[in-house]
Amino acid sequence: MQTKFLVVSVVLNVIFLILIIGGLFTLPGYALSLARIMAERSRTQFDFLTDKKDGIVFLGDSITQGGNWSEIFNNGSILNRGIGGDTTQDILDRINQIYLIKPVKIFLMVGVNDLNQKTPLQTMFINYKKLFDGFDESLPRTKIYVQSILPIYKKWILLKANNSDIKLANNFLREECKKRGYTFIDLNTAFLDGDGMLQRDLSNDGIHLLGAGYKLWRDEIKAQVIE
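Quantities reported herein were computed from a predicted structural model and do not represent experimental measurements.

Cut-off values and rules
For every chain, the first residue of its written sequence is number 1, and the numbers climb from 1 along that sequence. Under the rules for a predicted model, residues below a pLDDT of 70 receive no local features and side-chain atom pairs below 80 are neither given nor counted, while totals for whole chains, interfaces and linings still include all residues. To get the side-chain values, all heavy atoms of the structure are used, and hydrogens and water are removed first. Summary of the metric used: pLDDT quantifies the predictor's per-residue confidence within the range 0 to 100. Contacts are assigned to residue pairs with any non-hydrogen atoms lying within 4.5 Å of each other. Under the scheme used here, helices are H or I runs from DSSP no shorter than 4 residues and strands are E runs no shorter than 2 residues, and both carry numbers assigned from the N terminus. With a 1.4 Å probe rolled over the protein chains alone, any residue whose accessible area is under 20% of its type maximum counts as buried; one over 50% counts as exposed, and the rest are partly exposed. Here a polar contact means two N or O atoms within 3.5 Å. Within protein one must be a hydrogen donor candidate and the other an acceptor candidate, and residues neighboring in sequence count only if both atoms are side-chain atoms. Whenever a carboxyl oxygen of Asp or Glu lies within 4 Å of a side-chain nitrogen of Lys or Arg, that contact is scored as a salt bridge. To estimate how far a helix should extend, the number of its residues minus one is multiplied by 1.5 Å. Directions drawn from the helix axis to the C-beta atoms are what define this arc. Any two strands are treated as partners once DSSP identifies two or more bridges connecting them. Joining through side-chain atoms within 4.5 Å is the link that ties buried Ala, Val, Leu, Ile, Met, Phe, Trp, Tyr and Cys residues into a set, and such a set is a nonpolar core. Here the bend at each residue means the angle between axes fitted to two seven-residue stretches, the one ending at that residue and the one beginning there.

I'd love a proper account of the confidence of the model for the protein, names of residues and values included.
On average, residues of the protein score 86 in pLDDT, and 76% of them are at 70 or above. Counting contacts from residues 4-8, a segment whose pLDDT is below 50, to residues more than four positions away or on other chains yields zero contacts. Confidence drops under a pLDDT of 50 for residues 14-20, and excluding neighbours within four residues, the segment shows zero contacts in the predicted structure.

Run through the side chain of Ser-62, naming residues and quoting values.
Turning to its location among the elements, Ser-62 is positioned in helix H2 (residues 62-65). On the accessibility criterion, Ser-62 (18% relative accessible area) is buried. Separated by 2.9 Å, the side chains of Ser-62 and His-208 make a polar contact. Leaving out residues up to four positions away in the same chain, Ser-62 has contacts with Ile-83, Gly-84, Gly-85, His-208 and Tyr-214.

Tell me about the pattern of salt bridges, and name the residues and values.
One pass over the structure, following the stated rule, counts nine salt bridges. Here Lys-215 and Asp-219 are joined by a salt bridge, their closest N and O atoms 3.7 Å apart. With Lys-215 and Asp-219 both in helix H10 (residues 211-226), this residue pair falls four residues apart, about one helical turn. Taken together, the shared-partner salt bridges in this structure form one network comprising Asp-133, Asp-136, Glu-176 and Arg-180.

Go over helix H8 (residues 163-180), please, and point to the residues and values.
Because an α-helix packs 3.6 residues into every turn, residues spaced three or four apart end up facing the same way. Taking 1.5 Å per residue, 18 residues should reach 26 Å; H8 reaches 25 Å between its end C-alpha atoms and fits that length. Within the span of H8, buried status applies to Ile-166, Ala-169, Asn-170, Phe-172, Leu-173, Glu-176 and Cys-177. Here the buried residues of H8 occupy an arc of 160 degrees about the axis, which is enough to place them on one side. Set apart from the buried face of H8 by more than 90 degrees, the exposed residues are Ser-164, Lys-167, Lys-178 and Lys-179.

Could you give an account of the pairing of strand E3 (residues 105-109), with specific residues and numbers?
Across the five residues that make up E3, a large majority, five, are buried. Alternating residues of E3 divide into Lys-105, Phe-107 and Met-109 and Ile-106 and Leu-108, and every residue in both groups is buried. Sheet analysis places strand E1 (residues 56-60) next to E3, joined by five bridges and oriented parallel. Residue pairing across strands places Phe-58 opposite Phe-107, the latter belonging to E3. Where E3 lies against strand E4 (residues 143-147), four bridges are found, and the strand directions are parallel.

If you had to explain the nonpolar core to someone new, which residues and values would you point to?
Of all hydrophobic cores here, the largest spans 58 residues; its most connected members are Phe-135 and Trp-217. For this core, the element with the highest residue contribution is helix H7 (residues 121-138), accounting for seven residues.

An account of the pairing of E4 is requested, with residue identities and associated values reported.
Here E4 lies mainly inside the structure; four of its five residues are buried. Here E4 pairs with strand E5 (residues 183-185) via three bridges, running parallel. Note that in E5 the partner of Tyr-145 across the bridge is Thr-183.

Which residues make up H10, and what values go with them?
Considering bend angle alone, the principal kink of H10 is centred on Glu-220 and spans about 50 degrees. Those residues of H10 not exposed but buried are Gly-213, Tyr-214, Leu-216, Trp-217, Ile-221, Gln-224 and Val-225.

If you want it as C-alpha cells, here you go:
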C-alpha cells in the first residue's frame, strides 16, 4: 500500500513539474501573441484616426501608451500613439499613420521591447536610422524629440532586457540626434536609483510606470511640450 502511494505521489509530482516547466516555456509565447492581438486593435483604429492635424504626437510602446498625455498636459491637441509591445520595426511598419497627421512635434520613446526580444543592437540602430530618415523626408517641419529608453529593474518574469544594452542604445540615440538636429531628452538619468536601475517606487513590475513615474516624466519634458 505504501509502495503504491509512493508511486502515485511520484507520478503526480512529475506531472506537476512538467506542467510548470511547460508553462514557463509557453508563457512568453502566449504573452507575445496576446500583445499582438491588443496591438492590432490599436493599430487598426489609428489607420483612420488621421484627421487631426498639427498636433503633438507621443509615439512608442506600452510605456508611452500608459500615459494620459492630453490630461497630463491639459492639452487636447496631444495624440497618444503608443502601442503595447511595439518594437522599432513595429513603429516603422505603422509610421505612415504619423506622416498623415503631420504633427508639429513628435515625442518618441521606443526600444525596450527590441531588447526584451533579444533583437541585436545593430538591428535596432538600423531601424532607428530608417525611422529618422523617414522623419527627415516626410516631416521636415516637425520638431523631433527623442526620449531615452528608461532603465528597468528585474522583477517581471518576462523581462529579458538589461540596463547595459539600454545605455548603449541611448548613447547611439544621443549621437544620432546631434547629427540630425533633433532634441535628445535624457530621461534615463532622472529615473535611475543609486544602483543604476529604475527607481522601485516608479513601477510595480520593473518596466511599466506608476503615476509617480508619469509625473516625473511630465516634469522632465514639460518645457519642450509647452514651448
